[in-house]
Structures are given as structure tokens and as C-alpha cells.
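Letter by letter, the chains look like this.
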Amino acid sequence: MANNDNKLRCRTVYAFAREMYPKTVKCDISYGTAGFRTRATDLEYVMYRMGLLAVLRARFKKAVIGVMITASHNPEPDNGVKLVDPMGEMLEQSWEKWATKLANVTDDKLENVINDIIKLHDIQNMNDRPEIVVGKDTRPSSPSLSKAVIDGILAMGGKPIDYGIVTTPQLHYFVACKNTHRAYGEPTEEGYYRKLTDAFKKVRGDNFNNGNYTNRILYDGANGVGAKKIKFFKEGLAGSLIIDMYNDEIIGSGKLNYLCGADFVKSQQKFPTGLPQIPNTRCCSVDGDADRLIYYYLDENQKFHLLDGDRIATLIAGFFKEVLEKTGIRLNLGLVQTAYANGASTTYITKELKIPVACVPTGVKWLHHKALEYDVGVYFEANGHGTVVFKNEAKEKLRNAFQTNNLTREQKDATSRLIHIIDIINETVGDAIADLLLVETILHAKGWDVRQWEETYTDLPNRLLKVSVQDRTVITTTDAERKCVTPKGLQEEIDNIVAKYPKGRSFVRPSGTEDVIRIYAEAVTRRECDKLAAEVAGKVHELAGGTGNPPEIPN
Ligand SMILES: CC(=O)N[C@H]1[C@@H](OP(=O)(O)O)O[C@H](CO)[C@@H](O)[C@@H]1O
Ligand SMILES: [Mg+2]
């Protein structure tokens, strides 16, 4: 009977694939830095197939798996999909290649790839009906793409749990809650808001303001899901933090991520559209799926000041170091960055904060795994994506110490504070809104305004450029992407250019989410930095098959 069920199910899988979700795109796509991401019109069959894969992965892991439909900070016509593993982490790398294979195989070979996955992973429980948690962002294409994922899940015999429109970090959280049998929290939106806002209010206490810190912030929702969900936080925070909302698609008519949002603010280094320009006022932006957070302000001369992911990371790591010292409990703390981290932030962390720093390749999966090596691991990408992770033993150590009577009053207060702060954090993945609550908690504890935060160190001027090339895979890199291996000769040319600029640093790598080569540069002055970036971009264009006009070098 089981065998017959299986055959019947498999026939449904392939009939559906051919009739409802035929492969419409000839060229291959690959599971990149954050899953598949491309024009939404090219994604229906990919979504269906990822629904199939999620069920196989869930049967293999004997756990709940997540599927998130989003293209994050990309323009509105794009969309994407990524799978979320049992503890809320990104899909294990060895399965990325199966995702890529499954997405690219022709309709008539789909069955072979599925059989290969089943055989190679010895998946025996093909009649299990695992839960697959599905979420989507606010893009117009998301509902139909979500239906394709759900059809894939159903065809493969899984049980879709559709959470509708949620932020990416919410979906990661739901998966972790389900697989820990609620030890991590309630797997509902309500449970998520309650956990974070209750912890925030406990730590904040009755004094909402402190020293130079005032509890009002201007919030740019990027006209996306972050604008929708912040409203529930506002309710839960009950005035302890006042969030003035802008770029809210319901109130305004703005387009998703257009001239606003965390990616725009960070990469353009500009104040976004839609927010009032009030001097020296703390502002923040999230991206299209609310997993990135960036702070900034305009001074009295209308000069723009950015406080990016590196700045958030140093604030958090420095604060945890102080509190951990106060607890008297020995836990090791480390910070993880990528090559995009501003050199000044790395110097500040190592020389002044004296916290160990690791550098890993771009992409949350690398940062997250490295951070798990520490008892308390803080990780952030310069673009504002990051969080803090705690080893289970570290959490236990804190809780046990709190229960004993061996702590002084000060040690006990610091331990209790830390235990509550852990609940403000979404440990599963970078979460813009949870990070916002954490940053606000730290600024409040220090009694700092945004300028005092900025005074901790001075960023080196930096520039991010993109160059289009015929084939971005011609560039390969090593040393956490800081050196390129191919095309031959390019690294030597970059070294020669960089040597002309005091404190200059530059590296290039193929993007994993866009069809471009990214160029990063920093130097002592803005002028030198822009020149360095443009010169390196020119070399990339020349040696890596650039398309269109070569970049212009400023005088
Ligand atoms: C320079 C940069 O910001 N790169 C981003 C971007 O990846 P690329 O591979 O560079 O396109 O999108 C990723 C997913 O959101 C994010 O993890 C990463 O940091
Ligand atoms: Mg994002």
C-alpha cells in the first residue's frame, strides 16, 4: 500500500510539474548567497521545485523546514526563495547544490534528480507528512509564487503551514520554535512580538529616557514588510520606545526599496526619501524583508552621518564585554565580520575593545557558523545584517549562576540583565527589528545620543561599486574574498593601484545575488577613496570582460 501511495504521489509530482509548472527558462540559475533570486516572472517552476525539496529535506532531517519567498533589498519586479534549516539557520551547504540541480533540470529529468536525492540520503520515510513553514514578503509576485511552493509541498506529501506575509527573521524564528518544541518561543506572530517586547520593557524599566538618550526614533520601513510589522511592536512597546513610521506602503504610495530602505541608505550613503529632515535626530532604515538595519542622522549643516552594521556590531560587542565583566562569569566573546567591514571598525574592536575578530566570506551562513564558535558570538555585515548567538551551555551557565547565592548584588543584577537581553535578540538570523530593540537598549543603558555613539571611532571613507561583465564566474577569490585568484594578473594590478593610496584597501568579488562584480575600496579621504574604487573598477572592466562603457575615473 505504502509503495502504491508513493507511486501515485510521484505521478502527481511530475504531472503537476509538467502541466502547471513547466520549466520556462533555459539558462541556469544557482542557489547563491541568499537562495535563488531573479525576475519574479522566471521563478514559478523554481518555487514549485523548492516546495518539493523542502519536503525531502524535512523527511531527511526529521524536522520542520522553512521556505521564505523574498528578494530582500532587490527592486520590486524581482523575487527569490530560500530554505531554512531546523534551528532557523540557512540551508546546509551540501544541499545548496541539490537545490541548484533541482532548479535547473529539464522537466523530463526531474524524476531522476528526486530519486537521486532520496537514494543518496537514504530517505526511507517517504510517507511521513512533515510540516513546512512558508512565508512571503509584500511583493506583488509573492502570492502566486507562494502558491507554487505550496503546490510543490502538497504534491510531495508535506503539510504546508502558511504564515502569509512575514519578515524573513520571523520565519526563521517560527522554524526554530517548532523544532525546539516551543523552548525557543511560541511559533506565532503574537508569541514573537510578546517575547521581544516583554524582554525590552523589562530591561528598560520605568525610566524611558536616560542621560542624553531620548526614546524617540524615526523609522523607514522601505515600503515593505518591515513597515507592516513594526506596528505590532509599537503596540507591544506601549510607549517605552516611540517609533515614528515612514515609508509605510499603507500611508504613502512609495515603491518597495525605492530611494529608501537599508540597502539604499548604506550603498548610496544618502538620507532616504520620505523621512522628515530633523537635525541630530536618530533615524533608522530596514530593508525589504526586514533582516537588515542601518542607523543615520543629519547634523545641523545637513551633513549625512551613517552608523552601519560595523557600528552596530561594535556597540553590541563593547556592551556585552562590559556586562559580562560585571557578571563575573567567564564566557568568551568574539566578533565576526566580512571583508566589507570598515578598517577603522576592525582597528577599534581589536585595539580598544580588545575583542577577538574573525573575517569570513560574504553571506550570513558563514558569519553565523563562525559566531557559534564563541560562547557569545556577535556577527554583522557592514550592510546591517547580523545578530548575537549564544552557546546553549553559555545560557545555562548564566541561568545557573543566577539561581545560586554566590553572586554579589552587582553580579546578580548584571546576570539578570543579560538573561533578559538574550530574549530581545533573534538568535536564528539577523533581525532588523530585534536589532533595533537591542541597539536602543544599549544606547539607553549608556545614556548616549547618536553623536556619542558615532564618536567611538571615525570610519574610513569607503565606496562600493558594481561592474557588469559577460561572465561573473571568471572572478574567483581566496582569503575570505580579500584576494582574487582569477583572472590571472588582476590581483597584481589591484595591489599596484592600492599601493598608491595611504591606508588604501580594495578587493573585488562576484556578487551572489546580482549579475555583477562588486568593488570595495576605502582610503583616508573621500576623494582618494572614490578614485581608488574607480581605478580598480576600470581594471576589472578591462581584465574580466566588462560590458558597456568602462567606469569613469574622477580627477
Ligand atoms: C556587499 C553586500 O552587501 N553584499 C550582500 C549581498 O550579497 P552579494 O553576494 O554581495 O550580492 O546580499 C546578501 C544577501 O542579502 C548579503 O548577505 C551580502 O552582504
Ligand atoms: Mg534582507
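Remember, it's a predicted structure, so these values are computed and weren't measured experimentally. (Residues numbered from 1 in each chain as written. Chains lettered and ligands numbered in written order. Predicted model: local features only at pLDDT ≥ 70, side-chain atom pairs only at ≥ 80, totals over all residues. Heavy atoms only, no water.)

A. Geometry of the UniProt feature "domain: Alpha-D-phosphohexomutase alpha/beta/alpha" (unreviewed entry) in the protein. The sites that carry the UniProt feature "domain: Alpha-D-phosphohexomutase alpha/beta/alpha" (unreviewed entry) are, in the present numbering, residues 61–99 and 106–176. Helix makes up 21% of residues 61–99 and strand 31%, and the two end C-alpha atoms of the span are 16 Å apart. (UniProt positions renumbered as here; feature names shortened; annotations may be inferred. Helix = DSSP H or I, 4+ residues; strand = E, 2+ residues; numbered from the N terminus.)

B. Just the coordination of the magnesium ion (ligand 2), in detail. Surrounding the magnesium ion (ligand 2) are the protein donor atoms Ser72 (OG), Asp287 (OD), Asp289 (OD) and Asp291 (OD), at 2.0 to 2.2 Å. Of note, the magnesium ion (ligand 2) draws all its donor residues from one chain, in the sequence arrangement S-x214-D-x1-D-x1-D. Accessibility assignment for this pair places Asp287 and Asp291 in one class, buried. (Donors = N, O, S within 2.8 Å, 3.2 Å for Na, K, Ca; no water. Buried < 20%, exposed > 50% of the residue type's maximum accessible area, 1.4 Å probe, protein only.)

C. Just the packing of aromatic side chains, in detail. Enumeration according to the criterion identifies 21 aromatic pairs in this entry. Between the aromatic rings of Phe16 and Tyr48, the centroid separation amounts to 6.2 Å while the plane-to-plane angle is 15°, which identifies the pairing as stacked. You can see Phe16 sitting in helix H1 (residues 2–19) and its partner Tyr48 sitting in helix H2 (residues 44–61), a full 32 residues away along the chain. For Phe16, a relative accessible area of 28% translates into the label partly exposed. Within the aromatic cluster, the residues linked to one another by ring pairs are Tyr163, Tyr173, Phe174, Tyr184, Tyr192, Tyr193, Phe232 and Phe233. Taking the ring centre of Tyr258 as reference, the NZ or CZ of Lys255 above it sits at 5.9 Å. Here the basic side chain of Lys446 rests over the ring of Trp448, its NZ or CZ set 4.7 Å away from the ring centre. (Phe/Tyr/Trp six-rings, centres within 6.5 Å; stacked < 30°, edge-to-face > 60°. Lys NZ or Arg CZ within 6 Å of the ring centre and 35° of its normal.)

D. Just the domain arrangement of the protein, in detail. Partitioning the protein into domains gives domain 1 (3–165), domain 2 (191–307), domain 3 (309–454) and domain 4 (462–543). Taken over C-alpha atoms, the centre of domain 2 sits 21 Å from the centre of domain 3. Domain 2 puts 38 residues into the contact, and the matching count from domain 3 is 36 residues. Taken over both partners, the interface formed by domain 2 and domain 3 buries close to 3,300 Å², and the fraction arising from carbon and sulfur atoms is 64%. (Domains from an automatic or database assignment. Contact = heavy atoms within 4.5 Å. Buried area = accessible area lost by both parts, 1.4 Å probe.)

E. Spatial organisation of the site of ligand 1. The full set close to ligand 1 counts 14 residues, and Glu381, Ser511, Gly512, Thr513 and Arg518 are the nearest of them. At 3.5 Å, a side-chain N or O of Arg292 approaches an oxygen atom of ligand 1. In this structure, Glu381 approaches ligand 1 through a side-chain N or O atom, which is 2.7 Å from an oxygen atom. Burial of ligand 1 by the protein amounts to 93% of the accessible area it has alone, namely 430 Å². Here the shell around ligand 1 is composed, by residue class, of two nonpolar, eight polar and four charged. (Near = heavy atom within 4 Å. Polar contact = N/O pair within 3.5 Å; in protein donor to acceptor, adjacent residues only side chain to side chain. Areas by Shrake-Rupley, 256 points an atom, 1.4 Å probe, with all protein chains shown as cover. Nonpolar A, V, L, I, M, F, W, Y, C, P; charged D, E, K, R; others polar.)

F. The arrangement of the side chain of Asp291 in detail. Tracing the chain through its elements places Asp291 in the loop between strand S8 (283–286) and strand S9 (293–298). The charged side chain of Asp291 is buried without a salt bridge, its nearest counter-charge being Lys82 at 4.2 Å. If we skip the residues at most four places from it in the chain, Asp291 touches Ser72, Lys82, Thr168, Pro169, Gly384, His385, Gly430, Asp431 and Ala432. (Lys, Arg positive; Asp, Glu negative; His and termini not counted. Salt bridge = Lys/Arg side-chain N within 4 Å of Asp/Glu carboxyl O.)

G. The arrangement of the UniProt feature "active site" (unreviewed entry) in the protein in detail. The positions UniProt marks with the feature "active site" (unreviewed entry) are Ser72. Within the element layout of this structure, Ser72 appears in the loop between strand S2 (65–69) and strand S3 (78–84). The buried category is assigned to Ser72, whose relative accessible area is 3%. Once residues within four sequence positions are removed from consideration, Ser72 is found in contact with Arg37, Asp137, Arg139, Asn257, Asp287, Gly288, Asp289 and Asp291.

H. Structural context of the packing of helix H6 (residues 168–179) against helix H7 (residues 189–204). Where H6 contacts H7, the axes come no closer than 10 Å and their chain directions differ by 100°. In terms of orientation, H6 lies roughly perpendicular with respect to H7. Within the contact between the two elements, H6 uses Gln170, Tyr173 and Phe174 and H7 uses Glu189, Gly191, Tyr192, Tyr193 and Lys195. Tallied by class, residues from the contact of H6 with H7 come to four nonpolar, two polar and two charged. (Axes fitted to C-alpha atoms, helices over the stretch in contact; angles between N-to-C directions. Parallel < 35°, antiparallel > 145°, perpendicular 65-115°, else oblique.)

I. Looking closely at the pairing of strand S7 (residues 242–246). Direction of pairing for strand S6 (residues 216–220) relative to S7: parallel, over a ladder of five bridges. Looking at the pairing, Tyr219 lines up with Met245 of S7. Chirality of the crossover, the property in question, places the unit of S6, helix H8 (residues 225–237) and S7 among those that are right-handed. (Pairing = 2+ DSSP bridges. Right-handed = clockwise from strand over helix to strand, strands pointing away.)

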